[in-house]
Amino acid sequence: MSSATSVTEPVVFRWHQAEITAIAPVTPHVKSVRLRCGLAEQYRAGQHVDVRLTAEDGYQAQRSYSIASAPDGSGTLELMIEGLPDGEVSGWFSDCADVGDRVELRGPIGGSFSWDGPDGGPLLLAAGGSGVVPLLAMLRRRAQGWRAIPAALIYSARTRAEAIAVAELERFAATDPGVSLHLAITREPGGRRIDAALVADALARTGPPGKVFLCGSNRFVAAASALIVAAGVAPGLIRTERFGA
Amino acid sequence: MVTRGFVGRRQPPETGARLPPGQYLTDDFPILQIGPNPVVDLATWRFTLREGSRPIKSWSWDEFEALPRTTWHGDIHCVTKWSKFDTDWEGVSFDDLLADAGVAAPTGFLLAESYDDYTTNVPVADLVGGRALVATRYAGEPIHPDHGGPARLFVPHLYFWKSAKWVRGLRFTNIDTAGFWELRGYHMYGDPWREQRYIGD
Ligand SMILES: Cc1cc2nc3c(=O)[nH]c(=O)nc-3n(C[C@H](O)[C@H](O)[C@H](O)COP(=O)(O)OP(=O)(O)OC[C@H]3O[C@@H](n4cnc5c(N)ncnc54)[C@H](O)[C@@H]3O)c2cc1C
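Scope of this entry: the structure provided in the associated data block. Every value quoted in this text rests on a predicted model; they were computed, and no experiment measured them. (Residues numbered from 1 in each chain as written. Chains lettered and ligands numbered in written order. Predicted model: local features only at pLDDT ≥ 70, side-chain atom pairs only at ≥ 80, totals over all residues. Heavy atoms only, no water.)

Structural notes on the packing of aromatic side chains
Right, so step 1: Throughout the structure, instances matching the rule amount to 26 aromatic pairs over all chains.
Right, so step 2: Seen from their ring centres, A:Phe113 and A:Phe213 are 5.2 Å apart, and the 75° between their planes marks the pair as edge-to-face. Of this pair, A:Phe113 sits in the loop between β6 (102–109) and β7 (123–128) while A:Phe213 sits in strand β10 (residues 211–216), placing them 100 residues apart in sequence. The pair formed by A:Phe113 and A:Phe213 is uniform in burial state, with each residue classed as buried.
Right, so step 3: Geometrically, the ring pair formed by B:Trp89 and B:Phe154 is stacked, given 4.6 Å between the ring centres and 25° between the ring planes. In this pair, B:Trp89 sits in strand β5 (residues 82–93) while B:Phe154 sits in strand β10 (residues 152–154), placing the two residues 65 residues apart along the sequence.
Right, so step 4: Judged by relative accessible area, B:Trp89 falls into the buried class, the value being 2%.
Right, so step 5: A residue is classified by how much of its surface remains accessible, and B:Phe154, at 0% relative accessible area, is buried. (Phe/Tyr/Trp six-rings, centres within 6.5 Å; stacked < 30°, edge-to-face > 60°. Helix = DSSP H or I, 4+ residues; strand = E, 2+ residues; numbered from the N terminus. Buried < 20%, exposed > 50% of the residue type's maximum accessible area, 1.4 Å probe, protein only.)

Here's the deal with helix α4 (residues 196–206) of chain A
Residues and elements named next belong to chain A.
Right, so step 1: Residues of α4 that are buried include every one of Leu-198, Val-199, Ala-202, Leu-203 and Thr-206, and no others. All buried residues of α4 lie within an arc of 130° about the axis, which places them on one face of the element. Residues of α4 that are exposed and point more than 90 degrees away from the buried face comprise Ala-196 and Ala-204.
Right, so step 2: Next to the buried residues of α4 lie β7, β8 (151–157), β9 (179–185) and α5 (218–230).
Right, so step 3: Of the residues one or two after α4, Gly-207 is the one with positive phi, at around 80°. (Arc of directions from axis to C-beta. Contact = heavy atoms within 4.5 Å.)

Re the pairing of strand β3 (residues 48–54) of chain A
Put simply, side chains in a regular strand alternate between the two faces of the sheet.
Residue and element names in this part refer to chain A.
Right, so step 1: Of all 7 residues in β3, 7 are buried, a share of seventy percent or more.
Right, so step 2: Here β3 shows no split at all, with His-48, Asp-50, Arg-52 and Thr-54 on one side and Val-49, Val-51 and Leu-53 on the other all buried.
Right, so step 3: Of the pairings in the sheet, the one linking β3 to strand β4 (residues 60–66) comprises 7 bridges and is antiparallel in character. Pairing of His-48 across the sheet is with Ser-66, part of β4. (Pairing = 2+ DSSP bridges.)

Overview of the side chain of A:Arg52
Right, so step 1: Looking at the element boundaries, A:Arg52 is found in strand β3.
Right, so step 2: When neighbours within four sequence positions are excluded, A:Arg52 is seen to be in contact with A:Trp15, A:Gln60, A:Ala61, A:Gln62, A:Val103, A:Glu104 and B:Thr3.

Observations concerning the pattern of salt bridges
Right, so step 1: One pass over the structure, following the stated rule, counts 27 salt bridges over all chains.
Right, so step 2: Here A:Asp50 ties to B:Lys81 by a salt bridge, and the two come within 3.0 Å at their closest N and O atoms. Residue A:Asp50 is found in strand β3, and its partner B:Lys81 is found in the loop between β4 (70–77) and β5; the two belong to separate chains. Neither A:Asp50 nor B:Lys81 differs from the other in exposure class; each is buried.
Right, so step 3: Between A:Asp101 and B:Arg4 there is a salt bridge; the shortest N-O distance is 2.5 Å. Linking A:Asp101 in the loop between α1 (88–95) and β6 with B:Arg4 in the segment before α1 (13–18), this pair reaches from one chain into another.
Right, so step 4: Here A:Asp101 falls in the buried class, since its relative accessible area comes to 6%.
Right, so step 5: One network of salt bridges, in which partners are shared, links A:Glu78, A:Arg140 and A:Glu168. (Salt bridge = Lys/Arg side-chain N within 4 Å of Asp/Glu carboxyl O.)

Here's the deal with the pairing of β8(A)
Residues and elements named next belong to chain A.
Right, so step 1: In terms of burial, β8 is largely enclosed, as 7 of its 7 residues are buried.
Right, so step 2: Where burial is concerned, the two faces of β8 agree: the one with Ala-151, Leu-153, Tyr-155 and Ala-157 and the one with Ala-152, Ile-154 and Ser-156 are both buried.
Right, so step 3: As a crossover connection, the stretch from β7 through helix α2 (residues 132–143) into β8 is right-handed.
Right, so step 4: Bridge analysis of β8 against β9 gives 7 bridges, and the strand direction is parallel. The residue bridging Tyr-155 from the neighbouring strand is Leu-183, located in β9.
Right, so step 5: Chirality of the crossover, the property in question, places the unit of β8, helix α3 (residues 166–175) and β9 among those that are right-handed. (Right-handed = clockwise from strand over helix to strand, strands pointing away.)

A closer look at the interface of chain A and chain B
A common measure of how large an interface is: the accessible area buried when the components associate.
Right, so step 1: At the interface, 43 residues of chain A touch 36 residues of chain B.
Right, so step 2: Viewed at the interface, chain B and chain A are joined by 3 salt bridges.
Right, so step 3: Between A:Arg106 and B:Asp201 there is a salt bridge whose closest N-O contact spans 2.5 Å.
Right, so step 4: When residues of the side of chain A that touches chain B are traced back to their parent elements, those giving at least two are β3, β4, α1, β6, α5 and β11 (238–242) of chain A.
Right, so step 5: The dominant element in the side of chain A that touches chain B, judged by the number of residues it contributes, is β6(A), at 5 residues.
Right, so step 6: Partitioning the side of chain A that touches chain B into residue classes produces 18 nonpolar, 11 polar and 14 charged. (Nonpolar A, V, L, I, M, F, W, Y, C, P; charged D, E, K, R; others polar.)

Side note on the site of the ligand
Right, so step 1: Residues in close proximity to the ligand total 21 residues, the closest being A:Ser64, A:Tyr65, A:Pro85, A:Ser90 and B:Arg9.
Right, so step 2: Residues lining the ligand come from chains A and B.
Right, so step 3: A:Glu82 is positioned with one of its backbone polar atoms (N or O) 2.8 Å from an oxygen atom of the ligand.
Right, so step 4: One nitrogen or oxygen atom from the main chain of A:Glu88 is found 2.8 Å from an oxygen atom belonging to the ligand.
Right, so step 5: Against a free-state accessible area of 970 Å², the protein chains account for coverage of 74% of the ligand. (Near = heavy atom within 4 Å. Polar contact = N/O pair within 3.5 Å; in protein donor to acceptor, adjacent residues only side chain to side chain. Areas by Shrake-Rupley, 256 points an atom, 1.4 Å probe, with all protein chains shown as cover.)

Here it is, written out as structure tokens:
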């Protein structure tokens, strides 16, 4: 399994101050948060940061969030955070956070779940829900100068309105023959779940993949990896990341 | 640095005292791993103790199941910040493995090796004296493959990435040798109470 991505060299992760420079809704439950931060140019697509919030009395909470942006020289990075009911950290971002607010970040973390152009492809990506965030970063990175590498994204969301960055993903697919998008909308009339046919369609577009990244809930990742292995992809190519249960 | 408007969800004092710094309590059992579950067949499963590349002793599943059993009850802590209280595990203690192999630990360091090529390092001192198991049961049932069954290393006093899933052996090494996550910026030791998540913590 060591072949899927290059090893990032050990680095000391220290806490960086970060300031919110923009905040905007992406879906009814997900917000895009842009942060100005010292580590904004040092990460690979797919990696995540730890976010730490501190209350007046010193109480702290930390959670991990994937980086949605590709390094772009702006000194900022983008997170996309889904507000969960009663979520301690995501709740602050969805109900309270505003431009100018400051939080702390450390990272970038997760070198095994990351991709850059020189790692090659083709890329087979599959996401459930907010699991699309690190894969969006990979597609954005690819668009910065690695368009020769074919990429297919299988994306499962409950409704179209809940699908993150769906307009941008559709634009990638419509304007770039090297990208295909395979939406599985599960809770709408005519909807579907990820299945063998969807995986076969995606593989028909990319050819045998060189890198496979799966991200989402455990149930999604388990189902997607079983289908992809059943379609003949070597398990050792597959990297997974799971957002909670 | 204070974050405007952040209050946070306080834990009751009893809960707070049981949570290492930076952790939160969950009732779920989240799953994190580098790839798909490896397919592990009990008919061909083997667990091997090695010194460097030299095998010391190897057990089949039936032989392993016949070893003395140890149970453990308590709290577990994952580096991704969740902690889970009052979990129950059963397996073969590291002490009993050494006893059955008829050896004393030849070096002070170990690398756990898994069926999916995952590795992680643990000092031998952290495994002896009843502190660690090769676990085969969770909450009275065989460990589900999602949680590392049929067998996983279980070192509850360290962050859970040290408790390698789908473990197929333990290799004594002469020096403390970084494993999969330790090569990628994670701490060589991983004590939750000292919040040793990443290199330099
Ligand atoms: C590597 C990684 C990358 C990630 N990337 C992203 C990302 O890009 N975007 C994203 O949105 N998330 C991401 N996550 C998930 C994220 O880290 C958090 O787990 C998520 O935001 C929830 O945190 P929270 O503090 O808001 O909720 P928590 O407070 O941890 O609560 C989690 C859930 O439990 C419920 N709950 C907990 N306690 C109580 C209680 N006392 N009463 C009632 N309900 C309760 C909450 O309602 C909520 O639904 C990622 C996770 C990992 C590990």
